[in-house]
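# Commentary on secondary and tertiary structure
What follows is each chain in one-letter form.
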Amino acid sequence: MPSMRIISWNSRGETYAKGQELQQAQAWLATNYGGNNPDVDAFVIQEAQNAAGGPVRNMMNTDPANGVTLVSLGANINRPPDHTTELVTGGGDGYLCCTHTNVTINTHLALWNYGADATLTGWMTSLNMTQRGAMMAARAQRPPAYTELTVGGTPVFLITWHAPLGVSGLGAETMPGGGLIDAYLVLENSNLLTQAQTYAGANGVVIIAADLNTTKNGLKKNYWGIYKPLRNFRGLGNHLDHILAWKPGGGNVVVDQGHNSATSSDHNMISARVTW
(Lines give C-alpha, C1' and ligand atoms only; values in the text may rest on other atoms or scores of the structure.)
Protein backbone atom coordinates (compact mmCIF):
# COMPACT_ATOMS: atom_id res chain seq x y z
CA MET A 1 0.00 0.00 0.00
CA PRO A 2 1.36 3.47 -0.85
CA SER A 3 1.99 5.86 2.01
CA MET A 4 3.03 9.47 2.45
CA ARG A 5 4.37 11.20 5.54
CA ILE A 6 3.56 14.90 5.83
CA ILE A 7 4.64 17.75 8.09
CA SER A 8 2.26 20.72 8.12
CA TRP A 9 2.91 23.98 9.96
CA ASN A 10 1.59 27.52 10.16
CA SER A 11 5.02 29.00 10.79
CA ARG A 12 3.81 32.60 11.18
CA GLY A 13 6.69 33.85 9.09
CA GLU A 14 10.18 32.62 8.31
CA THR A 15 13.38 32.79 10.37
CA TYR A 16 16.54 30.72 10.43
CA ALA A 17 15.45 29.45 13.89
CA LYS A 18 12.17 28.19 12.43
CA GLY A 19 14.14 26.28 9.83
CA GLN A 20 15.99 24.60 12.69
CA GLU A 21 12.66 23.68 14.25
CA LEU A 22 11.75 21.82 11.07
CA GLN A 23 15.02 19.91 11.44
CA GLN A 24 14.19 18.95 15.01
CA ALA A 25 10.71 17.67 14.11
CA GLN A 26 12.11 15.40 11.43
CA ALA A 27 14.79 14.07 13.79
CA TRP A 28 12.03 13.12 16.27
CA LEU A 29 10.21 11.19 13.56
CA ALA A 30 13.39 9.40 12.51
CA THR A 31 14.00 8.35 16.12
CA ASN A 32 10.48 7.12 16.76
CA TYR A 33 9.66 5.64 13.36
CA GLY A 34 13.16 4.73 12.24
CA GLY A 35 12.08 1.35 10.92
CA ASN A 36 8.92 2.64 9.29
CA ASN A 37 9.60 5.14 6.49
CA PRO A 38 10.88 8.00 8.66
CA ASP A 39 11.57 10.35 5.75
CA VAL A 40 9.07 13.14 5.30
CA ASP A 41 7.58 13.01 1.81
CA ALA A 42 6.10 16.52 1.89
CA PHE A 43 6.41 19.64 4.03
CA VAL A 44 3.66 22.25 3.70
CA ILE A 45 3.93 25.64 5.37
CA GLN A 46 1.20 28.25 5.79
CA GLU A 47 1.89 31.92 6.56
CA ALA A 48 5.37 31.71 5.11
CA GLN A 49 7.03 34.83 3.73
CA ASN A 50 5.19 36.50 0.87
CA ALA A 51 8.19 36.34 -1.46
CA ALA A 52 10.08 33.16 -2.28
CA GLY A 53 13.45 34.03 -0.69
CA GLY A 54 12.71 33.44 2.99
CA PRO A 55 15.11 31.60 5.32
CA VAL A 56 12.84 28.55 5.75
CA ARG A 57 12.60 28.08 2.00
CA ASN A 58 16.34 28.68 1.65
CA MET A 59 16.96 26.02 4.28
CA MET A 60 14.76 23.58 2.35
CA ASN A 61 16.77 24.46 -0.76
CA THR A 62 20.09 24.14 1.18
CA ASP A 63 21.02 27.53 2.54
CA PRO A 64 24.32 28.38 0.79
CA ALA A 65 25.42 30.53 3.73
CA ASN A 66 24.95 27.85 6.34
CA GLY A 67 25.04 24.57 4.40
CA VAL A 68 21.88 23.45 6.17
CA THR A 69 19.57 20.89 4.63
CA LEU A 70 16.72 18.81 5.97
CA VAL A 71 17.87 15.96 8.18
CA SER A 72 17.43 12.49 6.60
CA LEU A 73 16.46 13.93 3.23
CA GLY A 74 19.98 15.07 2.39
CA ALA A 75 20.15 15.75 -1.33
CA ASN A 76 16.86 13.94 -1.89
CA ILE A 77 14.65 17.01 -2.24
CA ASN A 78 12.83 18.26 -5.31
CA ARG A 79 14.41 21.68 -5.60
CA PRO A 80 13.60 24.46 -5.52
CA PRO A 81 10.66 24.08 -3.11
CA ASP A 82 7.36 25.43 -4.42
CA HIS A 83 6.13 28.82 -3.24
CA THR A 84 2.97 30.79 -3.89
CA THR A 85 1.34 33.78 -2.24
CA GLU A 86 -1.85 33.22 -0.25
CA LEU A 87 -3.86 35.60 -2.43
CA VAL A 88 -4.47 35.45 -6.19
CA THR A 89 -3.62 39.16 -6.31
CA GLY A 90 -0.13 38.42 -4.98
CA GLY A 91 -0.86 39.77 -1.51
CA GLY A 92 -0.97 38.15 1.89
CA ASP A 93 1.59 35.71 3.23
CA GLY A 94 2.87 32.65 1.40
CA TYR A 95 2.52 28.89 1.09
CA LEU A 96 5.54 26.58 0.79
CA CYS A 97 5.66 22.96 -0.33
CA CYS A 98 8.85 20.88 -0.24
CA THR A 99 8.82 17.25 -1.45
CA HIS A 100 11.12 14.22 -1.31
CA THR A 101 12.50 12.94 -4.62
CA ASN A 102 10.34 9.80 -4.31
CA VAL A 103 7.45 12.19 -5.03
CA THR A 104 6.83 13.13 -8.66
CA ILE A 105 5.45 16.65 -9.07
CA ASN A 106 2.95 16.75 -11.94
CA THR A 107 1.47 20.17 -11.17
CA HIS A 108 3.45 22.59 -9.03
CA LEU A 109 1.84 24.31 -6.05
CA ALA A 110 -0.71 26.88 -7.23
CA LEU A 111 -3.63 28.80 -5.79
CA TRP A 112 -7.10 27.72 -6.78
CA ASN A 113 -8.59 30.62 -8.74
CA TYR A 114 -12.21 31.00 -7.62
CA GLY A 115 -12.68 33.84 -10.09
CA ALA A 116 -12.10 31.48 -13.03
CA ASP A 117 -14.21 28.65 -11.60
CA ALA A 118 -17.34 28.23 -13.74
CA THR A 119 -18.75 25.59 -11.39
CA LEU A 120 -18.62 28.01 -8.46
CA THR A 121 -20.09 30.84 -10.53
CA GLY A 122 -22.97 28.62 -11.61
CA TRP A 123 -23.72 27.56 -8.05
CA MET A 124 -23.67 31.16 -6.82
CA THR A 125 -26.20 32.26 -9.44
CA SER A 126 -28.66 29.76 -7.95
CA LEU A 127 -28.57 31.53 -4.55
CA ASN A 128 -30.75 34.34 -3.28
CA MET A 129 -29.24 37.82 -2.96
CA THR A 130 -28.28 37.48 0.72
CA GLN A 131 -26.65 34.10 0.18
CA ARG A 132 -24.86 35.27 -2.95
CA GLY A 133 -23.49 38.33 -1.17
CA ALA A 134 -22.11 36.18 1.64
CA MET A 135 -20.49 33.76 -0.83
CA MET A 136 -19.00 36.58 -2.89
CA ALA A 137 -17.40 37.99 0.25
CA ALA A 138 -16.01 34.56 1.16
CA ARG A 139 -14.79 33.92 -2.39
CA ALA A 140 -12.66 37.07 -2.19
CA GLN A 141 -10.73 35.78 0.82
CA ARG A 142 -7.78 33.36 1.02
CA PRO A 143 -8.26 30.41 -1.34
CA PRO A 144 -6.56 27.02 -0.90
CA ALA A 145 -3.49 25.98 -2.87
CA TYR A 146 -2.97 22.56 -4.42
CA THR A 147 -0.34 20.39 -6.06
CA GLU A 148 -0.80 17.23 -8.12
CA LEU A 149 1.70 14.50 -7.22
CA THR A 150 2.47 10.84 -7.81
CA VAL A 151 3.59 8.71 -4.85
CA GLY A 152 4.18 4.96 -5.01
CA GLY A 153 2.81 4.92 -8.55
CA THR A 154 -0.54 6.43 -7.51
CA PRO A 155 -1.90 9.98 -7.77
CA VAL A 156 -2.02 12.29 -4.74
CA PHE A 157 -3.91 15.59 -4.85
CA LEU A 158 -2.46 17.62 -1.96
CA ILE A 159 -4.26 20.73 -0.71
CA THR A 160 -2.98 23.25 1.80
CA TRP A 161 -5.00 26.18 3.12
CA HIS A 162 -4.78 29.03 5.58
CA ALA A 163 -8.54 29.16 6.04
CA PRO A 164 -10.07 32.63 6.46
CA LEU A 165 -11.47 33.86 9.77
CA GLY A 166 -14.82 35.56 10.23
CA VAL A 167 -18.50 35.43 11.08
CA SER A 168 -20.88 33.91 8.56
CA GLY A 169 -22.70 36.35 6.31
CA LEU A 170 -25.59 33.88 6.43
CA GLY A 171 -26.05 34.52 10.14
CA ALA A 172 -26.31 32.53 13.35
CA GLU A 173 -23.36 30.22 12.76
CA THR A 174 -19.76 30.47 13.91
CA MET A 175 -16.97 27.91 13.77
CA PRO A 176 -15.09 26.92 16.92
CA GLY A 177 -11.67 28.51 16.45
CA GLY A 178 -13.00 31.45 14.43
CA GLY A 179 -12.94 30.03 10.91
CA LEU A 180 -15.35 31.40 8.30
CA ILE A 181 -17.85 28.64 7.52
CA ASP A 182 -18.84 30.50 4.34
CA ALA A 183 -15.31 29.85 2.97
CA TYR A 184 -15.88 26.11 3.36
CA LEU A 185 -19.13 26.37 1.41
CA VAL A 186 -17.28 28.18 -1.37
CA LEU A 187 -14.53 25.56 -1.43
CA GLU A 188 -16.93 22.62 -1.55
CA ASN A 189 -19.13 24.17 -4.22
CA SER A 190 -16.16 25.08 -6.39
CA ASN A 191 -14.57 22.69 -8.88
CA LEU A 192 -11.55 22.06 -6.63
CA LEU A 193 -12.70 18.81 -4.99
CA THR A 194 -14.19 17.61 -8.29
CA GLN A 195 -10.80 18.07 -9.95
CA ALA A 196 -9.19 16.37 -6.95
CA GLN A 197 -11.55 13.39 -7.26
CA THR A 198 -10.92 13.11 -11.01
CA TYR A 199 -7.15 13.30 -10.54
CA ALA A 200 -7.11 10.74 -7.69
CA GLY A 201 -9.18 8.31 -9.74
CA ALA A 202 -9.81 4.78 -8.54
CA ASN A 203 -6.54 4.29 -6.65
CA GLY A 204 -5.32 7.69 -5.52
CA VAL A 205 -5.95 9.91 -2.52
CA VAL A 206 -6.85 13.52 -1.73
CA ILE A 207 -5.03 15.04 1.26
CA ILE A 208 -5.64 18.32 3.07
CA ALA A 209 -2.74 19.50 5.26
CA ALA A 210 -3.71 22.90 6.55
CA ASP A 211 -4.46 25.50 9.18
CA LEU A 212 -8.23 25.16 8.93
CA ASN A 213 -8.85 27.75 11.67
CA THR A 214 -11.32 25.45 13.33
CA THR A 215 -11.12 22.56 15.78
CA LYS A 216 -12.10 18.90 15.43
CA ASN A 217 -15.48 19.86 16.89
CA GLY A 218 -15.79 22.56 14.25
CA LEU A 219 -15.35 19.96 11.54
CA LYS A 220 -17.90 17.67 13.17
CA LYS A 221 -20.52 20.37 13.66
CA ASN A 222 -23.68 20.31 11.54
CA TYR A 223 -24.18 23.95 10.47
CA TRP A 224 -27.75 25.16 9.96
CA GLY A 225 -28.74 21.53 10.48
CA ILE A 226 -27.79 20.70 6.88
CA TYR A 227 -24.04 21.20 6.27
CA LYS A 228 -21.06 19.37 7.73
CA PRO A 229 -17.75 20.58 6.26
CA LEU A 230 -15.38 18.19 4.52
CA ARG A 231 -17.58 15.23 5.45
CA ASN A 232 -15.67 12.78 3.22
CA PHE A 233 -12.35 13.42 4.94
CA ARG A 234 -10.88 11.61 7.95
CA GLY A 235 -7.65 12.27 9.81
CA LEU A 236 -5.83 13.88 12.69
CA GLY A 237 -5.70 17.37 14.12
CA ASN A 238 -4.11 19.53 16.78
CA HIS A 239 -6.28 22.51 17.73
CA LEU A 240 -6.67 24.41 14.41
CA ASP A 241 -4.22 22.38 12.32
CA HIS A 242 -5.19 19.17 10.53
CA ILE A 243 -4.01 16.44 8.18
CA LEU A 244 -7.05 14.85 6.52
CA ALA A 245 -7.46 12.32 3.72
CA TRP A 246 -10.15 11.00 1.38
CA LYS A 247 -9.93 8.14 -1.11
CA PRO A 248 -12.58 8.94 -3.72
CA GLY A 249 -12.33 5.50 -5.35
CA GLY A 250 -13.31 3.78 -2.11
CA GLY A 251 -11.32 1.45 0.08
CA ASN A 252 -9.41 2.08 3.25
CA VAL A 253 -7.35 5.17 3.96
CA VAL A 254 -5.48 5.43 7.26
CA VAL A 255 -4.04 8.58 8.85
CA ASP A 256 -1.82 7.56 11.76
CA GLN A 257 1.54 8.12 13.48
CA GLY A 258 0.38 11.59 14.39
CA HIS A 259 2.76 13.92 16.19
CA ASN A 260 2.74 17.57 17.17
CA SER A 261 5.41 19.71 18.77
CA ALA A 262 5.41 23.20 20.26
CA THR A 263 7.28 25.81 18.25
CA SER A 264 8.15 29.50 18.28
CA SER A 265 5.01 30.03 16.18
CA ASP A 266 1.70 30.08 18.03
CA HIS A 267 0.84 26.92 16.05
CA ASN A 268 2.25 23.49 16.80
CA MET A 269 3.99 21.68 13.97
CA ILE A 270 2.00 18.55 13.10
CA SER A 271 2.82 15.41 11.17
CA ALA A 272 1.11 12.19 10.15
CA ARG A 273 1.46 9.28 7.76
CA VAL A 274 -1.32 8.69 5.21
CA THR A 275 -1.62 5.12 3.86
CA TRP A 276 -4.13 4.08 1.17
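See above for the structure.
The rules behind these values
Each chain has its residues counted from 1, running along the sequence as written. Local features in a predicted model are, by the rule used here, given only for residues with pLDDT of at least 70; side-chain atom pairs are given and counted only at 80 or more, and totals for whole chains, interfaces and linings are based on all residues. Side-chain measures here rest on the full set of heavy atoms in the structure, leaving out hydrogens and waters. Strands here are runs of E lasting at least two residues and helices are runs of H or I lasting at least four, both read from the DSSP assignment and numbered beginning at the N terminus. Any pair of Phe, Tyr and Trp rings, taking the six-membered ring for Trp, is counted once the centres come within 6.5 Å. Such a pair is stacked with planes under 30 degrees apart, edge-to-face with planes over 60 apart, and tilted for the rest. The criterion used for residue contact is that any of the two residues' heavy atoms lie within 4.5 Å.

## Quick look at unusual backbone geometry
Of note, the amide linkage connecting Arg-79 to Pro-80 takes the cis form, showing an omega dihedral of -10 degrees. Checked against the element boundaries, Pro-80 lands in the loop between helix 2 (55-60) and strand 3 (82-85). For Arg-12, which is not a glycine, the phi torsion comes out positive at approximately 55 degrees. As for its placement among the helices and strands, Arg-12 is situated in the loop between strand 1 (3-10) and helix 1 (16-32). Here Asn-213, not a glycine, exhibits a phi torsion of approximately 50 degrees, which is positive.

## Overview of the packing of aromatic side chains
This structure, assessed with the given rule, holds seven aromatic pairs. Through successive ring pairs, a cluster of aromatic residues spans Trp-112, Tyr-146, Phe-157 and Tyr-199.

## Here we look at the environment of Trp-28
Inspection of the secondary structure assignment puts Trp-28 in helix 1. Here the alpha-carbon distance between Trp-28 and His-259, two residues 231 residues apart in the chain, equals 9.3 Å. The contacts of Trp-28, once residues within four sequence positions are left out, are Tyr-33 and His-259.

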